[in-house]
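# An overview of the molecular structure
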Amino acid sequence: MADAEVDVRNPSGLHARPAATFVRAAAGFAADVTFSNLSRDPSRSASAKSVLGVMGLAVARGHRIRIVANGPDADEAVAHLAELVASGLGEEVDIE
Amino acid sequence: MTRELRGTPAAPGVAVAAPWLHRPAVTGAPARLSLFDASAAAVAEISALATLLRDRGREAEAEIMDAQSLMAQDPALHEAADQLVADGTRPADAIVQAGEAVAASFEAIGDEILAARAADVRDVAARIARVMTGVAAPRLERRSVVVAADLPPSVTVELDRALLAGIALEGGSRTSHAAILSRSLGIPAVVGVAGLCDAVPTVMELGIDGDAGIAYLDPDAETAARLAAASAAAGERARADAAFAAGVLATNDGHRVICAANIGEPTEAEAAFAAGAEAIGLFRTEFAFAGRSTAPDEATQAAAYAQVLRAAHGAEVVFRLADIGGDKPIAYLPIEPEANPFLGLRAIRLAARHPELLPTQLHAILRASADVGARASIMAPMVADEEDLALVLRLVEDACAAVPDAAGPRVGIMIEVPSAVLLADRLAPRIDFISIGTNDLTQYLLAADRSNAALAARQDPLHPAVLRAIGQVVEAVRGTTRCTVAVCGEMAGDPAGAQLLVGLGVDELSMEPRAFGAVKRAVGTRSMPDLVALARTAQHMRSAAEVRRAVEAAA
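My aim in this report is to walk through the structure given alongside it, one point at a time.

About the thresholds
Residues numbered from 1 in each chain as written. Chains lettered and ligands numbered in written order. Predicted model: local features only at pLDDT ≥ 70, side-chain atom pairs only at ≥ 80, totals over all residues. Helix = DSSP H or I, 4+ residues; strand = E, 2+ residues; numbered from the N terminus. Buried ≥ 20, exposed ≤ 12 C-beta atoms within 10 Å, placed from the backbone. Contact = placed C-beta atoms within 7 Å. Nonpolar A, V, L, I, M, F, W, Y, C, P; charged D, E, K, R; others polar. Axes fitted to C-alpha atoms, helices over the stretch in contact; angles between N-to-C directions. Left-handed = near helix turned anticlockwise from the far one by under 90°. Parallel < 35°, antiparallel > 145°, perpendicular 65-115°, else oblique. Pairing = 2+ DSSP bridges.

## Regarding the overall build of chain B
When helices and strands are tallied, chain B shows 21 helices and 16 strands. Burial status across chain B gives 48% buried among its 555 residues. Taking all contacts inside chain B whose residues are at least 6 apart in sequence as the whole, residues at least 24 apart take part in 67%.

Quick look at the structure:
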């Protein structure tokens with residue numbers, strides 16, 4: 001198992017386009033990847049490969065998420081996805 | 001015999017055509033395709049729509065289709081549907097129910113943006129069910145008024161514009177997706193027409209009046225003739241107005257006034273600029289606070305505000321701080337019942353009672369301003385005197401210190417309280433702009449409740465007293481070096497009102513975008529000296545009715 005916590009800096013959070021970018025990236029790994037929104041309800045988690053699951057966690061700008069992966073490429077998946085979120089998922093964000 | 005069903009006006013105009021009933025989800029029909037194959041076919045349809053929208057330059061709607069395409073392939077949605085099938089549900093019903101469960105969970109979270117996505121989830125699930133049962137995509141065969149309980153986003157996009165005469169919905173509101181789209185496309189629409197869907201299957205012809213909010217079932221010859229005449233007259237007026245809509249707001253001798261838009265939802269900004277707005281002169285922010293169980297946090301508000309600043313591409317956006325009061329109760333902001341909410345604890349008067357409300361909103365506006373890299377304009381409503389203004393200036397200063405990376409905002413006030421008119425020369429030198437809210441100013445000056453229909457005749461802002469009040473504010477502003485004056489009440493979008501306001505010397509008129517053409521035409525056919533003289537004479541007349549007659553006679 002691998003996990004990481006990362007802050008979301010996208011202006012609209014993980015709503016439409018950034019959620020889609022995240023889900024497409026997660027689908028590229030064999031590992032089971034789930035994530036939860038620590039700033040809203042840490043007990044709820046969703047599959048990172050489900051755009052509805054990702055949107056349903058209502059991640060807004062400034063929220064912290066936790067990514068957890070289980071499976072053959074778990075370490076790689078978590079590292080890649082955490083980096084992707086930190087860099088703004090293709091959107092312009094101010095990185096502190 | 002004509003039957004009339006009353007609803008709510010949603011988009012102006014009149015249409016008479018055959019009704020075309022849009023039925024949402026198929027229920028109980030046998031499946032011809034597996035869930036997997038039906039989803040793949042639905043994705044192909046959605047991608048084709050996205051391409052079509054991109055080709056027409058409608059990028060925002062294309063992105064919604066991209067998101068729908070991913071939803072249609074969502075493993076969580078498929079698993080939920082498979083589970084329902086295993087429990088004995090028919091496959092087409094299972095996908096609809098699975099989508100409904102997701103949509104309901106989105107709506108339950110209390111996040112405005114997410115709740116708006118619920119319609120997309122239902123839309124996608126209905127499409128998969130339709131493909132699964134072998135039903136073709138909805139298509140208009142002839143000129144039609146489209147009837148539905150509510151119209152999902154993709155269907156509104158898919159319908160052939162050339163055959164779409166009007167839209168009549170049993171549900172929905174003025175701010176529902178279909179209503180906003182109808183207004184931006186110029187298609188007449190009525191919403192909230194109870195009993196419509198049940199009545200329509202036996203109706204041959206359906207007339208709608210989008211200004212009055214009425215649906216006519218099988219209109220008789222007389223009603224049809226009246227609607228046709230109204231449609232022809234409206235069409236002629238619209239054509240004459242349209243010739244002016246894209247031009248500048250100016251008198252025929254070249255005196256220019258800024259043409260700005262009033263909006264109440266972030267999604268309306270893009271259409272406002274497309275319609276020719278030079279600025280957003282009034283962005284009502286109450287949408288962010290209504291229909292929720294908890295107060296919206298800074299990030300949620302900032303995301304919505306940033307959407308408008310982005311659509312503005314550097315043009316001015318005036319954010320009016322939340323004008324919340326006892327007339328529209330909000331669950332998480334308890335306000336004790338008041339006998340006169342319009343004279344009560346509202347807007348900035350709530351600052352002491354709810355100390356987080358305004359700072360959070362100010363931080364969100366400045367946060368959005370910093371994120372987008374655009375300067376915001378902040379307007380405080382209900383400012384009555386210098387003490388109120390001092391409070392506003394202090395709150396803005398604190399917010400600027402808390403969000404140092406935002407450009408310093410323009411700061412202004414809305415003048416609607418008569419005391420602020422009398423004190424305008426004391427207030428104007430300390431701010432960047434004033435915007436006059438003529439709706440409330442009229443009701444306060446004439447002591448005539450806006451919500452009391454029996455007093456309607458006393459609520460006309462063309463009243464000489466209102467014109468004098470506006471003249472007094474303009475004079476106070478002229479005595480300063482930087483302060484500008486706008487009008488953002490309905491008077492600005494009324495061609496007669498707009499002519500008087502230009503004559504009184506206001507710098508900006510802010511109105512509903514659909515009024516642009518009519519206002520530009522009315523002002524554009526007059527000279528500045530004529531309008532100045534007209535406004536001066538009007539201030540000495542006896543009644544609003546006399547003023548209105550004089551403006552119309554002079555045209």
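## What about the interface of chain B and chain A?
On the side of chain A, 20 residues touch chain B, which itself brings 24 residues to the contact. Among the elements of the structure, α2 (59-72), α3 (75-86), α4 (91-108), α5 (112-132) and α11 (298-312) of chain B are those that each provide at least two residues to the side of chain B that touches chain A. Of the residues assigned to the side of chain B that touches chain A, the class counts are 16 nonpolar, two polar and six charged.

## A closer look at the packing of helix α17 (residues 464-478) of chain B against helix α18 (residues 495-504) of chain B
Residues and elements named next belong to chain B. Their axes nearest at 10 Å, the elements α17 and α18 cross at an angle of 35°. You can see that α17 and α18 cross each other, and the crossing is right-handed. Counted together, L467, I470, G471 and V474 of α17 and L500, L501 and L504 of α18 form the full contact between these two elements. A per-class count over the contact of α17 with α18 returns six nonpolar, one polar and no charged.

## What about the packing of α11(B) against helix α12 (residues 357-372) of chain B?
For any two helices packed against each other, the geometry comes down to the angle between their axes and how far apart the axes lie. Residue and element names in this part refer to chain B. Between α11 and α12, whose axes approach to 8 Å, the crossing angle comes to 45°. Relative to α12, the element α11 lies oblique. Of the two possible hands of crossing, α11 and α12 adopt the one that is right-handed. Of the residues in α12, those in contact with E298, Q301, A302, Y305, A306, L309 and R310 of α11 are T360, Q361, H363, A364, I365, R367, A368, S369, D371 and V372. Residues that form the contact of α11 with α12 fall into these classes: eight nonpolar, five polar and four charged.

## Some thoughts on the sheet that holds strand β2 (residues 32-37) of chain A
Residue and element names in this part refer to chain A. A sheet is described by the order of its strands in space; here four strands give the open sequence β1-β4-β2-β3, paired in antiparallel fashion. In this open sheet, the two edge strands, each paired with only one partner strand, are β1 (2-7) and β3 (45-47). Averaged over all pairs of adjacent strands, the angle between their axes in this sheet comes to 25°, without regard to strand direction.

## A few points about the sheet that holds strand β3 (residues 14-21) of chain B
Residues and elements named next belong to chain B. Taking strand neighbours across the sheet as the criterion, the eight strands line up as β1-β8-β7-β3-β4-β5-β6-β2 in an open arrangement whose pairing is mixed. Sheet topology places β1 (3-6) and β2 (8-11) at the edges, where each strand pairs with a single neighbour. Each strand of the sheet is rotated relative to its neighbour by a mean of 30°, with strand direction disregarded. Here β2 runs beside strand β6 (residues 189-191); their pairing, made up of three bridges, is antiparallel. The partner of A11 across the bridge, within β6, is A189. Lying on the sheet, helix α9 (residues 221-245) is in contact with β3, β7 (206-209) and β8 (214-217); it crosses β3 at an angle near 115°.

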